[in-house]
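Coordinate inspection notes
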Amino acid sequence: MSTSKIQIAEPDAAPSQGSFKVFSRIVDWITNDRLQLLNVTERINEIVRKSGIRDGLVHLQSLHTTSSIFINEWQDALLQDVKQFLEDVVAREADWRHNDPRHSDCERKNADSHLRGMMMGQTLSLQVRNSSVLLGTWQSIILAEFDGPRSRSMSVQVSGV
């Protein structure tokens, strides 16, 4: 009969001391274009620092169905590719029922915006380490506007010790 041992890796640092805390904020942006990408990484990191939480999680939630929050590289050519991809996959001028007054009371004709938001997602949960959002070298937190220009809100909740 063979037995196996489970080895548990030692943590990188000693466990954090202190009690569990939750810190919540609503942050707002004003967008200028119908399809716009905003790098919100620094603003989110500022909130994490102000929370006083050293280790835990930050949960981001767009409060709109026509915007999104995601991670990607913040590089001009790639950002243009992302916009083109979104326009190719969900064409604004397609025959959407949501845009048709026979089927919907929506005057904004923004079915494409709702579909892009659904496809890209409205939430992110990320690790917080050493009072900062843990991101890879090229990763940025991006807020995507699909139905601008508008005022946009995001809930930011930091929890941990």
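This text goes with the structure placed above it.
For the structure given in this document, a descriptive report is provided here. These numbers come from a predicted model, not from an experiment.

1. What to know about the sheet that holds strand E8 (residues 151-160)
One open sheet accounts for five strands, arranged E1-E8-E3-E5-E6; its pairing is antiparallel. Strand pairing shows two members of the sheet lacking a second neighbour, strand E1 (21-30) and strand E6 (132-133), which therefore form its edges. Alignment of E1 against E8, held across ten bridges, turns out to be antiparallel. When the bridges of E8 are listed, valine 22 appears paired with serine 159.

2. Concerning the side chain of asparagine 110
Inspection of the secondary structure assignment puts asparagine 110 in the loop between helix H2 (76-89) and helix H3 (111-120). Asparagine 110 gets classed as buried once you look at its relative accessible area, which sits at 4%. Not counting the four nearest positions on each side in its chain, asparagine 110 is found in contact with Arg34, Thr66, His98, Asn99 and Asp147.

3. Some remarks on the environment of serine 104
Relative to the elements of secondary structure, serine 104 occurs in the loop between H2 and H3. Sequence-distant contacts of serine 104, defined by excluding residues within four places in its chain, comprise Arg97 and His98. A polar contact is formed between the side chain of serine 104 and the backbone oxygen of histidine 98, at a distance of 3.1 Å.

4. As for the sheet that holds strand E7 (residues 139-145)
Taken in spatial order, the three strands of this open sheet run E2-E7-E4, and their pairing is antiparallel. This sheet does not close on itself; its edge strands, each paired only once, are strand E2 (36-39) and strand E4 (67-73). Here the strands of the sheet are splayed against their neighbours by 30° on average, with no regard to which way each runs. Bridge analysis of E4 against E7 gives seven bridges, and the strand direction is antiparallel.

5. Quick look at the nonpolar core
Ranked by internal contacts, the top residues of the largest apolar core, which has 21 residues, are Val58, Leu60 and Met154. Among the secondary structure elements, those contributing two or more residues to this core are E1, helix H1 (41-51), strand E3 (56-62), strand E5 (123-129), E7 and E8. Residues within four places of valine 58 in sequence aside, it is in contact with Ile44, Val48, Leu124, Ser125, Leu126, Val128, Val133, Val156, Gln157 and Val158. Judged by nonpolar contacts, the second largest core, of nine residues, contains Leu79, Val82, Ile142 and Ala144.

6. Things to note about the pattern of salt bridges
Tallied over the full model, the rule gives eight salt bridges. With its nearest N and O atoms 3.2 Å apart, the salt bridge here joins glutamate 46 to lysine 50. Here glutamate 46 pairs with lysine 50, and both are found in helix H1, just four residues apart, close to one helical turn. For glutamate 46, a relative accessible area of 36% gives the class partly exposed.

7. A closer look at the packing of aromatic side chains
Centre distance and the angle of the planes are the two values used to describe a pair of aromatic rings. In this structure the tally under the stated criterion is zero aromatic pairs. When the ring centre of tryptophan 29 is taken as origin, the NZ or CZ atom of arginine 43, which lies over that ring, is 4.8 Å away.

Here is what the cut-offs are and how they apply
Residues numbered from 1 in each chain as written. Predicted model: local features only at pLDDT ≥ 70, side-chain atom pairs only at ≥ 80, totals over all residues. Heavy atoms only, no water. Pairing = 2+ DSSP bridges. Helix = DSSP H or I, 4+ residues; strand = E, 2+ residues; numbered from the N terminus. Buried < 20%, exposed > 50% of the residue type's maximum accessible area, 1.4 Å probe, protein only. Contact = heavy atoms within 4.5 Å. Polar contact = N/O pair within 3.5 Å; in protein donor to acceptor, adjacent residues only side chain to side chain. Axes fitted to C-alpha atoms, helices over the stretch in contact; angles between N-to-C directions. Core = buried A, V, L, I, M, F, W, Y, C linked by side-chain atoms within 4.5 Å. Salt bridge = Lys/Arg side-chain N within 4 Å of Asp/Glu carboxyl O. Phe/Tyr/Trp six-rings, centres within 6.5 Å; stacked < 30°, edge-to-face > 60°. Lys NZ or Arg CZ within 6 Å of the ring centre and 35° of its normal.

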